[in-house]
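# Results of the structural survey
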Amino acid sequence: MRQQSCLARLLASATVTAMLASGLAGCQTAGMRDVTGSIGTKSATNSETDPHQVAELYGEKFRANPKDVDAALKYGAALRAIGQRAQAAAVLERAAILNPGNKLVLASWGRALADNGQSQQAFDVLGRAHTPANPDWRILSVQGTTLDKLGRHEDARRYYASALRIVPDEPSVLSNLGMSYVLTKELPKAEETLRRAYAGAPVDGRIRQNLALVVGLQGRFDEAEGIVKADLPVDEAAANVAYLKQMLGRGVNARVGAADAVRQDSRRSRAESYPRSDGPVS
């Protein structure tokens, strides 16, 4: 039972981490920087490649002029990169107040809130970062992940579908959708969707890991190991296999219990977001 509980927590953590990076892989593969104003550019100096240095540099600029949108965006992105999620959300909230209606700032603030586990507020803020007349597929995808964290999986999938109508077969969106199916224990459907994502972005480590996780949860451990090792250096492949084994454990009971606990985790997130409500409403 302890192994089952541990696996469930790891699966939940991997799921949430993966989805919120796009959510999921979108940050790496789809240029979420267009929305959030992320850290580097082609002309960036070496001092702007280390997120700690970026945080120090743009933190000073932001404190000197909190209305400086570029400084706020880069400072917030750097804070997220070094794990200071609550501070990133606070910085970007202040920037949003000082720059009302700026959609780049709203998008970054919404992402920071999602990173910090404030799913309902993130969903609401992200909804202000684009319009139905000019939708942004990246924001739609992240909104889907926040709804998944709130346990509203069918609603989340409508957002993924809207994103995919704009960018058919976009790997980051497909990967979010695939992990949404994991949360409802629809593992064959999750695998099919993640294979489509992987086919579009075979070098993306997070999509690879998600696919291997779903394959392993269905009992095909050797195949899962093959996925995480493919085309990687020996030491990196070994580390990935060790992590996969840690997540999957070695028993059928762990696989069965994992998705149940993930669903319970979703219900807990929903309860925390709505402590005195009959249920979530968008």
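Please read all numbers here as calculations on a predicted model, not as lab measurements.

### Description of the pattern of salt bridges
- Counted under the stated rule, the structure contains 14 salt bridges.
- Residue E191 pairs with R195 through a salt bridge whose shortest N-O separation is 2.9 Å. Of the two residues, E191 and R195 are both situated in helix 12 (residues 187-200); the distance of four residues between them amounts to about one turn of the helix.
- You can call R195 partly exposed: its relative accessible area is 33%.
- Salt bridges sharing partners connect three or more residues here, namely E154, R157, E186 and K189.

### A word on unusual backbone geometry
- The backbone phi angle of D169 is positive, close to 65 degrees, even though this residue is not glycine.
- Inspection of the secondary structure puts D169 in the loop between helix 10 (153-166) and helix 11 (171-183).

### Describing the nonpolar core
- Counting residues in hydrophobic clusters, the biggest one holds 36 residues, and the most contacted among them are V173, V182, L211, A212, L213, L244 and L248.
- Among the elements of the structure, helix 9 (137-149), helix 10, helix 11, helix 12, helix 13 (205-217), helix 14 (221-229) and helix 15 (234-248) are those that each provide at least two residues to this core.
- The greatest single-element share of this core, amounting to seven residues, is contributed by helix 13.
- Every residue in contact with V173, bar those within four places of it in the chain, is listed here: W137, S141, Y160, A163 and L164.

### Quick look at the environment of S172
- In this fold, S172 is placed in helix 11.
- Residue classification places S172 among the buried positions, given a relative accessible area of 1%.
- Spatially, the C-alpha atoms of S172 and D204 are 9.4 Å apart, while their sequence positions differ by 32 residues.

### A short note on the confidence of the model for the chain
- Here the chain averages 78 in pLDDT, and 71% of its residues register 70 or above.
- When pLDDT is averaged over each element of the chain, helix 10 comes out on top at 97 and helix 3 (residues 33-36) at the bottom at 31.
- Scored below 50 in pLDDT, residues 1-46 makes 115 contacts in the model with residues more than four places away or belonging to other chains.
- This model gives residues 250-282 a pLDDT under 50, and the stretch forms 57 contacts once residues within four places in sequence are excluded.

### Some remarks on helix 15
- Taking 1.5 Å per residue, 15 residues should reach 21 Å; helix 15 reaches 21 Å between its end C-alpha atoms and fits that length.
- Turning to helix 15, its buried residues are A237, V241, L244, M247 and L248. Projected down its long axis, helix 15 shows its buried positions confined to an angular sector of 125 degrees, all on one face. Set apart from the buried face of helix 15 by more than 90 degrees, the exposed residues are D235 and Q246.
- Downstream of helix 15 by one or two residues, G249 has phi in the positive range, about 70 degrees.

Cut-offs applied
Residues numbered from 1 in each chain as written. Predicted model: local features only at pLDDT ≥ 70, side-chain atom pairs only at ≥ 80, totals over all residues. Heavy atoms only, no water. Salt bridge = Lys/Arg side-chain N within 4 Å of Asp/Glu carboxyl O. Helix = DSSP H or I, 4+ residues; strand = E, 2+ residues; numbered from the N terminus. Buried < 20%, exposed > 50% of the residue type's maximum accessible area, 1.4 Å probe, protein only. Core = buried A, V, L, I, M, F, W, Y, C linked by side-chain atoms within 4.5 Å. Contact = heavy atoms within 4.5 Å. pLDDT = per-residue confidence, 0-100. Expected span 1.5 Å × (residues − 1). Arc of directions from axis to C-beta.

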